[in-house]
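Inside the fold
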Amino acid sequence: MNFDLDENQTLFRDSVERFCAPVDVATRTKMRRMDGGFDRARWSELADLGLIGIAADESDGGLGGSILDNSVVAQSLGAGLAVEPWLECGFLPARLLTGTSYIADVISGECLATLAFAERGGRYTLDARAVSVRNGKLNGEKTFVLAGGAADLFIVSANVDGATKLFVVPRSAVGVDVRPYPVADGSLAAVVTFRDAAVSDPIGGMERLQSAVDETRIMMAAEMVGCAQRLFKETLAYVKTREQFGQPLGRFQVIQHRMVDIYSKCEAIQSALYRAVLQSNTNAEAAKAYIAEEAIWVGQQAVQLHGGMGMTDELAIGHGLKRILLLSKLFGDPASGIAQFAKAA
Amino acid sequence: MDMSFSAEDLAFREEVRDFLEAKLSPRLREGAACTPSVFVEPDITRDWQSILNEKGWLATMWPQEYGGPGWTATQKYIFEKECAIAGAPALPVLGLKLVGPVICKFGTPAQKAHFLPRILSGEDYWCQGYSEPGAGSDLASLKTKAERKGDKYVVNGSKIWTTHAHHANWIFALVRTNPEAKKQEGISFLLIPMDQPGISVTPIVTMANDHEVNATFFDNAESRVENLIGEEGQGWTIAKYLLENERGGSCAAPALLAELDRIEAWAKEEPSGVNGAMDHDPILMQRLARLRMEAQAFEITELRILAELAKGRPAGPQTSLIKLVSANIRQSIDELTVDLFAYDGLQLPTSRPLYGNEAPEPVGSREAQLALPTYLNGRAWTIFGGSDEVQKTIIAKQVLGL
């Protein structure tokens, strides 16, 4: 029995911490206003550190990191409140594009790829319905395409004779229309419309999509754990220093008990994450749903205990809550995830 | 025991309904519905205010001699309820419901004659200077000082969370006039004109991307001595009156119930992704039903308070629960709305307003576009005007005797 990080995992964690450390909240806000919602130079830096390659197999030229290795990166990025879409444009495409010619440019950071899966009216389903491919032409509209405002390459789920297949379409292709819009975490998602966009053979089907999404759910859980722990740490420091009625807030019993509850939730979701990572045959959707629900609560409490300051965009607190909210719903929300677990059990 | 309104009250309700039906323009309704922040912007409230002023239905909290409609507690409740159901824009409360009643009660004849008509006409727009960076829950520790110099007070310090200070031409502020006196006793209630070089206003943008509150700085700002309300050192008493005035009957439940009705209607339209719409989703509908039970019970709590007031008796101790209960139901409603709209509920527009021609195009529906900004701004319900933690401490002490 051993829950220590190994030498490489420690290096990855330290590397992410160094990467995130110089970015304060004001810098973060500035980055969000950049074209595409983040700084592409920083994305290249992330790639150069091997932090995208870690998600790709060695046969694809990656580092072949394990799920645990990758979760350490995701959790550290969460704790660092990174704006870079590592999960959306690093880990997930690296898993989806394995064995294809696109993977090298994704690992190097040159190509920003993202999955276009959500459709109007489809709620959280992964089945492609309205977007379809016939005779080599892609048609239909995808919504909630994360980092869609910046992406160079879309991995599009599309219906082919009733089955969901994955196609690769460059943003620059004829018949691709991208309408970016801001989402919870300040990033730019997009509605992407395809009108007779030419596609070649699919790179895979539902099996590939489902397995990549499940692995990504673990990374989302890890990032939320990191975010929640960061908010806990900042809130603890705040209630120790903020004085009202002649003493630090942390001297009031109501605050002490609340902080213990937050601490307890943070420990619980860390454990749930380790269980999901280390246990074979884990139910990633359920683990992510549970962790999401607790992380949202931690985020809400962090806002509450910071009072008016917690409401502003000037502290990391709101930024953390908003990222948690976004992740909590990507590929299913807590209610849908836990319902799925109940059905499976 | 009887929960129904009298025939007279029902007739009044019809009158209010007809009036709202005739006077609430589509623009006003849209402005109210598409405001994710707690306060509605003056471009909407100004018009609604002048319509109500013309009718004599504006200053419902004021005595009749100063322009109030002379309504009973029940009539006030019915009016508020019908406004909430019809989707009327919330009025600028700082002038009409906070400083207005204070001037009616504590103001000199000259102050009443000068300020009250200007609140009614909308010529003056008020903001409130209570909290300070170091004085939030512990309001009495405020430090902004006003020193008397001849016929003026010179004000130095800073106020925070000054809602709509960027629109206001007057601020009512709690200031320290006597640094020697005990905490509460050194505080005075001063009206200060905003349009002067000694005052600067810095926006504070919320995590929902709304600019509603500000930091307001006083650097040798001036106000004439005749702008002091009451006596020096009476500020804390006046501030407490203002809070009690807020407790003179409330009508929060009807808006919450109306919101739940809207969610139910949206759920009929929102595809479940499997088969049919979200009104067949057992989890969502159970949460909706549970919230409806809470809001319905809360409505009766408000009516129990109203019944006491209508009999001329003081409001019961359950008034202390109103803010706490309504804030928490509201936040649960906001969460449900965001969850209803799935991915569309995650859009967070950066520009404002979200009504009229300038509004950014929504992804999906306008309701979905409003969900997250409303949720995020709504986290403040359990913080402003006394946080939940402070409220519970007060109730524990004053109501339960703990």
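All values derive from a computational prediction rather than experimental measurement.

1. With respect to the overall build of chain A
For chain A, the count of helices and strands is 12 helices and 10 strands. Whereas a compact globule of 345 residues would reach a radius of gyration of roughly 20 Å, chain A reaches 20 Å, a difference of no more than 12%. Considering only C-alpha atoms, chain A reaches an extent of 75 × 45 × 40 Å along its principal axes. Here the analysis covers contacts within chain A between residues at least 6 apart in sequence; of these, 71% occur between residues at least 24 apart.

2. Let's talk about helix H8 (residues 253–278) of chain A
Residues spaced three or four apart along an α-helix face the same direction, because each turn holds 3.6 residues. End to end, H8 of chain A covers 37 Å across 26 residues, agreeing with the expected 38 Å (1.5 Å per residue, within 8%). Among the residues of H8 of chain A, Ile255, Arg258, Met259, Ile262, Cys266, Ile269, Gln270, Ala272, Leu273, Ala276 and Val277 of chain A are the ones counted as buried. Looking at the buried residues of H8 of chain A, the elements they touch are helix H4 (67–79), helix H7 (206–241) and helix H9 (284–306) of chain A together with helix H12 (388–398) of chain B.

3. What about the interface of chain B and chain A?
At the interface, 45 residues of chain B touch 48 residues of chain A. Summed over both partners, the interface of chain B with chain A buries about 3600 Å², with 59% contributed by carbon and sulfur atoms. On the chain B side of the interface with chain A, the three residues burying the most area are Met207, Tyr343 and Leu346 of chain B, jointly 23% of the side's total. Between the two partners, chain B and chain A, sit 4 salt bridges.

4. What about the environment of aspartate 151 of chain B?
Residues and elements named next belong to chain B. Considering the arrangement of structural elements, one finds aspartate 151 in the loop between strand S2 (145–149) and strand S3 (152–160). For the pair aspartate 151 and arginine 224, spaced 73 residues apart in the sequence, the C-alpha separation amounts to 5.9 Å. The contacts of aspartate 151, once residues within four sequence positions are left out, are Arg224 and Val225.

5. Topic: the layout of surface pockets
In this structure, the second largest pocket occupies an estimated 890 Å³ of space. As for the second largest pocket, its lining consists of 36 residues, of which Tyr124, Glu285, Ser336 and Lys343 of chain A together with Val274 of chain B are closest to the centre. Elements represented by at least two residues in the lining of the second largest pocket include exactly H7, H9 and helix H12 (334–344) of chain A together with helix H9 (282–310) of chain B. The dominant element in the lining of the second largest pocket, judged by the number of residues it contributes, is H12 of chain A, at 5 residues. Split by residue class, the lining of the second largest pocket holds 13 nonpolar, 12 polar and 11 charged.

6. Notes on the packing of helix H10 (residues 319–340) of chain B against H12 of chain B
Residue and element names in this part refer to chain B. Packing of H10 against H12 brings their axes to within 10 Å, and their N-to-C directions diverge by 150°. Judged by the inter-axis angle, H10 sits roughly antiparallel to H12. Crossing geometry of H10 relative to H12 is assigned as left-handed. Residues Ser320, Leu321, Lys323, Leu324 and Asn328 of H10 form the contact with H12, whose own contacting residues are Asp388, Gln391, Lys392 and Ile395. Class assignment for the residues of the contact of H10 with H12 results in 3 nonpolar, 3 polar and 3 charged.

7. What to know about the pattern of salt bridges
Inspection of the entire model under this criterion finds 38 salt bridges over all chains. Between arginine 258 of chain A and glutamate 389 of chain B there is a salt bridge, with its nearest N and O atoms 2.9 Å apart. One end of the pair, arginine 258 of chain A, is in helix H8; the other, glutamate 389 of chain B, is in helix H12, on a second chain. Here arginine 258 of chain A and glutamate 389 of chain B have matching classes, each one buried. Members of the salt-bridge network, linked through shared partners, are Arg32, Glu88, Asp185, Glu223 and Arg323 of chain A.

8. What about the domain arrangement of chain A?
Residue and element names in this part refer to chain A. For chain A, the assigned domains are domain 1 (7–111), domain 2 (114–202) and domain 3 (208–344). When each unit is reduced to the centre of its C-alpha atoms, the spacing between domain 2 and domain 3 is 30 Å. At the interface, 13 residues of domain 2 touch 13 residues of domain 3. Buried area between domain 2 and domain 3, both sides added, is near 1100 Å², and the carbon and sulfur share of it is 79%. Broken down residue by residue, the surface that domain 2 buries against domain 3 is led by Tyr124, Leu126 and Asp185, which jointly contribute 50%. The tally of links between domain 2 and domain 3 comes to 1 salt bridge. One salt bridge in this structure joins arginine 323 and aspartate 185, with 2.8 Å as the shortest N-O distance. On the surface where domain 2 and domain 3 come into contact, there are 2 residue pairs in polar contact (both at pLDDT 80 or more). Tallied by class, residues from the side of domain 2 that touches domain 3 come to 9 nonpolar, 2 polar and 2 charged.

9. Section: the domain arrangement of chain B
Residue and element names in this part refer to chain B. Under the domain assignment used here, chain B contains domain 1 (7–91), domain 2 (126–232) and domain 3 (247–398). When each unit is reduced to the centre of its C-alpha atoms, the spacing between domain 1 and domain 3 is 20 Å. Across the interface of domain 1 and domain 3, roughly 1600 Å² is buried in total on both sides, 69% from carbon and sulfur atoms. Among the residues domain 1 hides against domain 3, the three largest losses belong to Cys34, Pro36 and Tyr77. Together they make up 42% of the total. Counting every contact that joins domain 1 to domain 3 gives 1 salt bridge. For glutamate 299, the salt bridge identified is with lysine 81, shortest N-O distance 3.4 Å. The tally of links from domain 1 across to domain 3 stands at 4 residue pairs in polar contact (both at pLDDT 80 or more).

Conventions and cut-offs
Each chain carries its own residue numbering, running from 1 in the written order of its sequence. As a convention, the first chain written is A and the first ligand written is 1, with the rest following in written order. Where local features are concerned, this predicted model is filtered to residues with pLDDT of at least 70; where side-chain atom pairs are given and counted, the filter is 80 or more; whole-chain, interface and lining totals use all residues. Only hydrogens and water are removed before side-chain values are computed, so all heavy atoms of the structure are retained for them. Here a helix means four or more residues in a row that DSSP labels H or I, a strand means two or more in a row labelled E, and each is numbered from the N terminus. Based on C-alpha atoms, the radius of gyration is set beside the globule rule, defined as 2.2 Å times the residue count to the power 0.38. We call two residues in contact whenever any of their non-hydrogen atoms come within 4.5 Å of each other. The span you would expect from a helix comes to 1.5 Å times its residue count less one. Only protein chains enter the accessibility calculation, which uses a 1.4 Å probe; a residue whose area is less than 20% of its type maximum is buried, one above 50% is exposed, and one in between is partly exposed. Buried area counts how much accessible surface, traced with a 1.4 Å probe, disappears from two parts once they are put together, with both parts' losses summed. For this document, the term salt bridge refers to a Lys or Arg side-chain nitrogen within 4 Å of an Asp or Glu carboxyl oxygen. Points on a 1 Å grid over protein atoms alone make up a cavity when a 1.4 Å probe fits among them but cannot get out, and a pocket when they form an open set with protein on both sides within 12 Å along at least five of seven lines; lining residues each have an atom within 4 Å of a point. Grid points are joined across faces, edges and corners, and a volume is the space filled by probe spheres set on the points. Residue type decides the class: Asp, Glu, Lys and Arg count as charged, Ala, Val, Leu, Ile, Met, Phe, Trp, Tyr, Cys and Pro as nonpolar, and the leftover types, Gly among them, as polar. In this analysis, axes come from line fits to C-alpha atoms, helices being fitted only over the stretch in contact, and the angle between any two N-to-C directions falls in the range 0 to 180 degrees. An angle counts as roughly parallel when it lies under 35 degrees, as roughly antiparallel when it exceeds 145, as roughly perpendicular when it falls between 65 and 115, and as oblique in every other case. The sense of a crossing depends on the near helix, which, turned anticlockwise from the far helix by less than a right angle, makes the crossing left-handed and, turned clockwise, makes it right-handed. Where a domain begins and ends is set by an automatic assignment or by a domain database. In protein, a polar contact means a hydrogen-donor-capable atom and an acceptor-capable atom, both N or O and within 3.5 Å, with residues adjacent in sequence counting only if both atoms are side-chain atoms; elsewhere, any N or O pair within 3.5 Å suffices.

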